[in-house]
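Structural overview
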Amino acid sequence: MSPIDEQEEDRRVDDIVRRGPTGAFAVAGIATAIVVAIYFIFYFAVYLPRGAVQ
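Quick summary incoming for the structure in this document. Nothing here was measured: the structure is a model prediction, and the numbers come from that model.

Description of the packing of aromatic side chains
Scanning the model with the defined rule gives 4 aromatic pairs in all. Their ring planes at 15° and their centres at 6.2 Å tell us that phenylalanine 40 and phenylalanine 44 sit as a pair that is stacked. Linking phenylalanine 40 with phenylalanine 44, this pair stays in helix H2 (residues 22-50), spanning 4 residues, or about one helical turn. One aromatic cluster is present, formed by Tyr39, Phe40, Tyr43 and Phe44 through successive ring pairs.

A short note on H2
When the terminal C-alpha atoms of H2 are compared, their 42 Å separation across 29 residues agrees well with the 42 Å that a helix rising 1.5 Å per residue should span. When the local axis directions of H2 are compared, the greatest deviation, roughly 35°, occurs at tyrosine 43. Count one or two residues on from H2 and you reach glycine 51, which has phi positive near 80°.

Some thoughts on the pattern of salt bridges
For the structure shown, the criterion picks out 2 salt bridges. Notably, a salt bridge pairs glutamate 8 with arginine 11, separated by 3.2 Å at the nearest N-O pair. Of this pair, glutamate 8 and arginine 11 both sit in helix H1 (residues 3-19), 3 residues apart, which is roughly one turn of the helix. Judged by relative accessible area, which is 48%, arginine 11 ranks as partly exposed. Aspartate 15 is paired through a salt bridge with arginine 18; the nearest N and O atoms lie 2.8 Å apart. Remark: arginine 18 and aspartate 15 occur in helix H1; sequence separation between them is 3 residues, near one turn of the helix. Judged by relative accessible area, arginine 18 falls into the exposed class, the value being 62%.

Definitions and limits used
- Residues numbered from 1 in each chain as written.
- Predicted model: local features only at pLDDT ≥ 70, side-chain atom pairs only at ≥ 80, totals over all residues.
- Heavy atoms only, no water.
- Phe/Tyr/Trp six-rings, centres within 6.5 Å; stacked < 30°, edge-to-face > 60°.
- Helix = DSSP H or I, 4+ residues; strand = E, 2+ residues; numbered from the N terminus.
- Expected span 1.5 Å × (residues − 1).
- Bend = angle between axes of the 7 residues up to and from the residue.
- Salt bridge = Lys/Arg side-chain N within 4 Å of Asp/Glu carboxyl O.
- Buried < 20%, exposed > 50% of the residue type's maximum accessible area, 1.4 Å probe, protein only.

Rendered as structure tokens:
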């Protein structure tokens, strides 16, 4: 690689890093929402219909 190609690649990498981990935050948020949704589905579909356990 020539020095010009390396400098251009470094600039592109710097631009990507500067934008931050937005994709990782999106994936984490979606995964959290899915887990919370599953919890509520089980709560309303399984636990409440069974009634109070004595």
